[in-house]
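Each chain, letter by letter, is given below.
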Amino acid sequence: MTTETSNGHVEEPRVILSAEGLRKSYGTHQALKNLSFTLRAGRVLGFLGPNGAGKTTSIRILTTILPPSAGRFVVDGVTSDHPEQIRRRIGVLPEGLGFPRELTGARYLSYYGQLFGSSSHEARSTAEALLQEVGLQNRGHSPIGSYSHGMRQRLGIARALVNDPAVLFFDEPTLGLDPRGQRELLTMVQGIARDRGKGVVLSSHLLAEIEGVCDDVVIMNAGEVVARGTVAEVIGQASHRSGIAMRVRVPVGEVPAACGLIATLPSVRAATPDDSTGWIGVELRQLDGATAADPRLVNAMLESLIRADTPILGLDAGSGRLEDVFLQLTAEAIR
Ligand SMILES: Nc1ncnc2c1ncn2[C@@H]1O[C@H](COP(=O)(O)OP(=O)(O)OP(=O)(O)O)[C@@H](O)[C@H]1O
């Protein structure tokens with residue numbers, strides 16, 4: 001989301017959350033080693049990493065539940081040495097949030113509104129508007145105990161919005177949801193950033209699902225940041241290091257012959273097979289920082305396979321998916 005000023009300059013949305021050198025130790029165990037990033041309004045930042053990477057620790061620090069061992073952060077202009085002021089500017093959906101089963105969704109949200117200082121009338125009308133926004137308008141007056149897991153997560157999102165925060169934190173929000181529920185929830189999360197102009201931090205290890213939702217990512221592994229940037233930058237950095245610029249998938253039995261053909265193309269440095277899936281990673285001679293292959297090279301590769309009567313089952317003419325990068329980076333860090 002950019003805005004054009006009267007003199008034609010395009011302005012970036014403001015930085016709404018930034019962190020510098022955050023560290024956290026539990027006793028002698030360093031759970032977070034050096035986390036720095038910036039998040040602009042209207043964008044979704046993904047904290048990605050396998051179990052134990054430090055995602056929850058980072059979110060606990062940024063939401064003022066845990067003090068960092070070192071480093072600082074700024075939320076909507078407020079520095080981390082003012083935790084009470086920060087709490088008024090953030091909304092949080094923690095992992096595994098529990099709900100009072102007997103309260104209705106509407107009562108629950110009104111209660112939170114009043115905790116943030118709204119009158120009971122204001123809190124009730126905010127609750128109704130939020131229930132509508134998260135698609136619970138027809139169930140708002142039923143007890144939460146009767147809600148499905150997906151409905152509870154949506155209620156948790158509504159709760160996080162009660163104080164109209166500048167930044168929202170969602171810790172593994174899609175855990176336990178079916179694919180449709182995951183998609184609906186992530187679309188909602190994206191809308192909160194885009195339409196309301198909020199900064200959103202989303203932690204997950206479900207990469208395929210969140211790849212399309214996050215604008216920026218921080219990939220963590222064992223407390224270290226192993227990659228950081230926009231999704232395209234992170235994929236580009238990793239493909240530049242691996243040299244793989246495109247992938248093609250053929251039947252497993254045809255992989256050796258197809259690799260041989262691809263490797264004879266003049267611009268190809270190497271064709272690396274994955275014998276179990278049939279995907280072949282294609283490395284080019286000159287990458288020059290490119291994150292995707294020249295379409296003419298893609299065509300030449302496809303032509304040579306078609307001439308050899310090789311069935312083409314899949315093509316990734318970009319440099320791969322975030323999931324591949326994640327697996328590559330976290331495996332490198334573990335080695
Ligand atoms: N209170 C604690 N005391 C000691 N060690 C802890 C504590 N909380 C977390 N850790 C350790 O810190 C590291 C990071 O944990 P954290 O929960 O932040 O990771 P995570 O990326 O959220 O993982 P998960 O996806 O499993 O929730 C892990 O090694 C964990 O065992």
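Numbering of residues starts from 1 in each chain and follows the order in which that chain's sequence is written. Note on the predicted model: pLDDT of at least 70 is required for a residue's local features to be given, and 80 or more for side-chain atom pairs to be given and counted; whole-chain, interface and lining totals, by contrast, use all residues.

A. Fine view of the packing of helix α3 (residues 105-115) against helix α5 (residues 149-161). In contact at an axis separation of 9 Å, α3 and α5 are set at 25° when each is read in the N-to-C sense. One finds that α3 runs roughly parallel with respect to α5. Note on packing geometry: the crossing formed by α3 with α5 is right-handed. Where α3 abuts α5, its residues Gly105, Tyr108, Leu109 and Tyr112 lie against Leu155, Ala158 and Arg159. The residue inventory of the contact of α3 with α5, partitioned by class, reads five nonpolar, one polar and one charged. Simply put, an axis is a line fit to the C-alpha atoms, just over the touching stretch for a helix, and the angle between two N-to-C directions goes from 0 to 180 degrees. To qualify as a helix, a DSSP run of H or I must reach at least 4 residues; to qualify as a strand, a run of E must reach at least 2; elements of each kind are numbered from the N terminus. Working rule for angles: under 35 degrees goes down as roughly parallel, over 145 as roughly antiparallel, 65 to 115 as roughly perpendicular, anything else as oblique. Handedness of a crossing is defined here by the sense of rotation of the near helix relative to the far one, left-handed for an anticlockwise turn of less than a right angle and right-handed for a clockwise turn. Here, residue contact means that the backbone-derived C-beta atoms of the two residues sit within 7 Å. Polarity classes work like this: nonpolar for Ala, Val, Leu, Ile, Met, Phe, Trp, Tyr, Cys and Pro, charged for Asp, Glu, Lys and Arg, and polar for all others, with Gly in that last group.

B. Examining the sheet that holds strand β5 (residues 44-48) more closely. Strand pairing follows a simple DSSP-based rule, namely that at least 2 bridges must link the two strands. The six strands are arranged β8-β9-β10-β5-β11-β12 in an open sheet whose pairing can be described as mixed. The open sheet has two edge strands, β8 (90-93) and β12 (224-230), and neither has a second partner. Looking at each pair of strands side by side, their axes are set apart by 15° on average, direction ignored. Note that strand β9 (residues 167-171) and strand β10 (residues 199-204) share five bridges and pair parallel. Within β10, the position partnered with Asp171 by the bridge is Ser203. Seen against the sheet, helix α1 (residues 55-62) touches β5, β9, β10 and β11 (216-221) and runs at an angle of roughly 150° to β9. Contacting β8 and β9, α5 crosses the sheet at an angle of about 165° to β8.

C. Fine view of the site of the ligand. In the vicinity of the ligand, the residues found are Tyr26, His29, Ala31, Gly49, Asn51, Gly52, Ala53, Gly54, Lys55, Thr56, Thr57 and His205. Those elements that place two or more of their residues in the shell around the ligand are β4 (29-40) and α1. Of the residues contributing to the shell around the ligand, the split by class is three nonpolar, eight polar and one charged. Each residue gets a C-beta atom placed from its backbone. If that atom is within 6 Å of a molecule or strand, the residue is near it.

D. Examining the sheet that holds β4 more closely. Judged by pairing direction, the sheet is antiparallel, and its four strands sit side by side in the order β4-β3-β6-β7 without closing on themselves. The outermost strands of the open sheet, each flanked by one partner alone, are β4 and β7 (78-79). Here strand β3 (residues 15-26) runs beside β4; their pairing, made up of eight bridges, is antiparallel. The partner of Ala19 across the bridge, within β4, is Phe37. Taken strand by strand, α1 contacts β3, β4 and β6 (70-75), and its axis lies near 120° from that of β3.

E. A look at the pairing of strand β14 (residues 268-273). For β14 and strand β15 (residues 279-284), the ladder comprises five bridges, and the chain directions are antiparallel. Looking at β15, one finds that Ala271 is bridged to Val282. Between β14 and β15, which pair antiparallel and follow one another directly, the connecting turn spans five residues, one of which, Gly278, has a positive phi of 90°.

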